[in-house]
Amino acid sequence: MAIVKKLRSLLWEKKGDEAVSFLMTTAMFVLIFAVLVSGLIYIMQYYNASYMCRRVVRSIEITGVYDEAEARSLISSLSGSDMEDIQIQVDAVYYSGRKIQLRQTFSVTLTGSYRITILTLGGNPVALDLPITVKVAGMSEVYWR
């Protein structure tokens, strides 16, 4: 019976209660801050992908030709190492080969993924791949005869 009374008094004792509450609140604030920073980094990667797609569209508009090698080199120079599995798809009505006639519209779709590492246990990181898809339309500025 003495053990039950001692356990009951330990459960009802409030000594140290504020310290535990403070630690839990601090841990939640740190977690919320980490989630916000990760979200902002993902938004920055989305804007970076949008910029890359606009640059590819502008190069096609100026030259009037979709050159896959040139688009890949442009993407590789702008992307850095953060985005993975970058794919480019151009939807256009071609005049001949890969040439796009004057005032003919086309669209470029850039898809990729950004990996956020959530937790690293030993050598196996737990990561989350977030998809990024950007679609930008353009119009050729070159007249082909």
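The structure we're discussing is the one just above.
Residues numbered from 1 in each chain as written. Predicted model: local features only at pLDDT ≥ 70, side-chain atom pairs only at ≥ 80, totals over all residues. Heavy atoms only, no water.

(A) Quick peek at the pattern of salt bridges. Summed over the entire model, instances satisfying the criterion amount to 3 salt bridges. Residues Glu61 and Arg58 are paired through a salt bridge, measuring 3.0 Å at the closest nitrogen-oxygen approach. One end of the pair is Glu61 and the other is Arg58, both in helix H2 (residues 17–63) and 3 residues apart, which spans about a single turn. When its relative accessible area of 13% is taken as the criterion, Glu61 is described as buried. The exposure class of Arg58 is partly exposed, given its relative accessible area of 38%. Where Arg115 meets Asp129, a salt bridge forms, and the shortest distance between an N and an O atom there is 2.8 Å. Taken together, the residues span a long stretch of sequence, with Arg115 in strand S2 (residues 105–121) and Asp129 in strand S3 (residues 124–139) at a distance of 14 residues. (Salt bridge = Lys/Arg side-chain N within 4 Å of Asp/Glu carboxyl O. Helix = DSSP H or I, 4+ residues; strand = E, 2+ residues; numbered from the N terminus. Buried < 20%, exposed > 50% of the residue type's maximum accessible area, 1.4 Å probe, protein only.)

(B) Inspection of empty space enclosed by the protein at higher detail. Across all of its chains, the model carries 1 cavity of 30 Å³ or more by this definition. If you add up the space inside the largest cavity, you get close to 40 Å³. Taken together, Ser59, Ile60, Thr63, Val65, Tyr66, Asp67, Glu70 and Ala71 form the lining of the largest cavity. Going through the elements one at a time, H2 and helix H3 (68–79) are the ones with two or more residues in the lining of the largest cavity. Per-element tally for the lining of the largest cavity: the top contributor is H2, with 3 residues. (1 Å grid on protein atoms, 1.4 Å probe; cavity = no way out; pocket = protein on both sides within 12 Å on 5 of 7 lines; lining within 4 Å. Points joined across faces, edges and corners; volume = space filled by probe spheres on them.)

(C) How the structure looks around unusual backbone geometry. Although it is not a glycine, Asp85 sits at a positive phi angle of roughly 55 degrees. With respect to the helices and strands, Asp85 occurs in strand S1 (residues 83–92). When its relative accessible area of 59% is taken as the criterion, Asp85 is described as exposed. Within the chain, Arg103 stands out as a residue other than glycine whose phi angle is a positive 60 degrees. Within the secondary structure, Arg103 is located in the loop between S1 and S2.

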